[in-house]
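Here is how the chains run, residue by residue.
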Amino acid sequence: ASSTVSLNHAYSNGGNGLMMEGDSATPSYANVLSSNALYSNGGSGIVVHSSSGNIIMANEAYENSTYGIVLQSTSAFNSLTLNSAHHNASYGIHLVTMSSSNTLTSNTAYNNLQGIVVANNSDNNRLLYNTVSTSTEHGINLYHASSNTAISNTTYGNTIIGFVLDGSSNSVLS
C-alpha cells in the first residue's frame with residue numbers, strides 16, 4: 001500500500017525526523033514524501049531503510065546531527081528530486097549499503113561535511129543536474145560504488161575536492 005507524507009515539519013526530535021522502513025516480509029514501496037521540512041533532529045532528517053520505488057521530492061533537510069537524507073540497506077529504485085539538504089553535521093544526501101538504481105535529480109546540497117555520497121556497493125545510481133557547494137570536505141563522492149552515472153552536476157566552493165571516485169569503477173561523469 002502506498003502513503004503520502006507531505007507538508008509536515010519534524011524538528012528537535014532525539015532521533016530522525018522522518019523514517020520510512022521496510023524489510024523483505026513487509027516492504028515499504030510506492031510512497032511519496034513531499035514538501036516536508038526536517039530540521040534540528042538528533043539523527044537524520046529523512047531515513048529510507050530497505051524501501052523501494054518511492055518518490056522523495058521537494059523536501060528540506062537541514063541542521064540535523066547526522067545526514068540530511070539517507071537511503072540505506074538495499075533501498076532501490078527511489079527517485080529524489082528537488083530536495084535541499086544543508087547545514088547537516090555529516091552528509092547532505094547519502095546512499096549507502098547496496099542502495100542501488102536510484103535517481104537523484106536537481107537536488108541541492110550545501111554547507112554539509114560532504115554534499116552527496118554514494119557508498120558501499122551502492123551501484124547503478126544516476127545523479128543528474130544536482131548542485132553541491134561549500135562542503136567542508138568533498139562535493140560528490142562515489143566511494144566503493146560502481147557503475148554509477150553522474151551527468152550535468154555542478155560542484156563549487158567545496159574545501160577539498162569537487163568530485164571524488166574512491167575505489168569505484170565503471171562509472172560515468174560528464
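Nothing here was measured: the structure is a model prediction, and the numbers come from that model.

**What about the nonpolar core?**
- Counting residues in hydrophobic clusters, the biggest one holds 25 residues, and the most contacted among them are Ile93 and Ile116.
- Elements supplying a minimum of two residues to this core: β3 (18-21), β7 (46-49), β11 (69-72), β14 (91-96), β17 (114-119) and β20 (138-143).
- By size, the runner-up hydrophobic cluster in this structure holds six residues, among which are Val70, Tyr91, Val96 and Ala119.

**Digging into the packing of aromatic side chains**
- Counting across every chain of the model gives three aromatic pairs.
- Taking the centre distance of 5.0 Å and the plane angle of 5° together, the rings of Tyr11 and Tyr39 count as stacked. In this pair, Tyr11 is assigned in strand β2 (residues 9-11) and Tyr39 in strand β6 (residues 37-39), connecting sequence segments 28 residues apart.
- The exposure class assigned to Tyr11 is partly exposed, which follows from its relative accessible area of 47%.
- The buried category is assigned to Tyr39, whose relative accessible area is 18%.
- Seen from their ring centres, Tyr39 and Tyr62 are 4.9 Å apart, and the 10° between their planes marks the pair as stacked. Of this pair, Tyr39 sits in strand β6 while Tyr62 sits in strand β10 (residues 60-62), and the two are 23 residues apart along the sequence.

Conventions adopted
Residues numbered from 1 in each chain as written. Predicted model: local features only at pLDDT ≥ 70, side-chain atom pairs only at ≥ 80, totals over all residues. Heavy atoms only, no water. Core = buried A, V, L, I, M, F, W, Y, C linked by side-chain atoms within 4.5 Å. Buried < 20%, exposed > 50% of the residue type's maximum accessible area, 1.4 Å probe, protein only. Helix = DSSP H or I, 4+ residues; strand = E, 2+ residues; numbered from the N terminus. Phe/Tyr/Trp six-rings, centres within 6.5 Å; stacked < 30°, edge-to-face > 60°.

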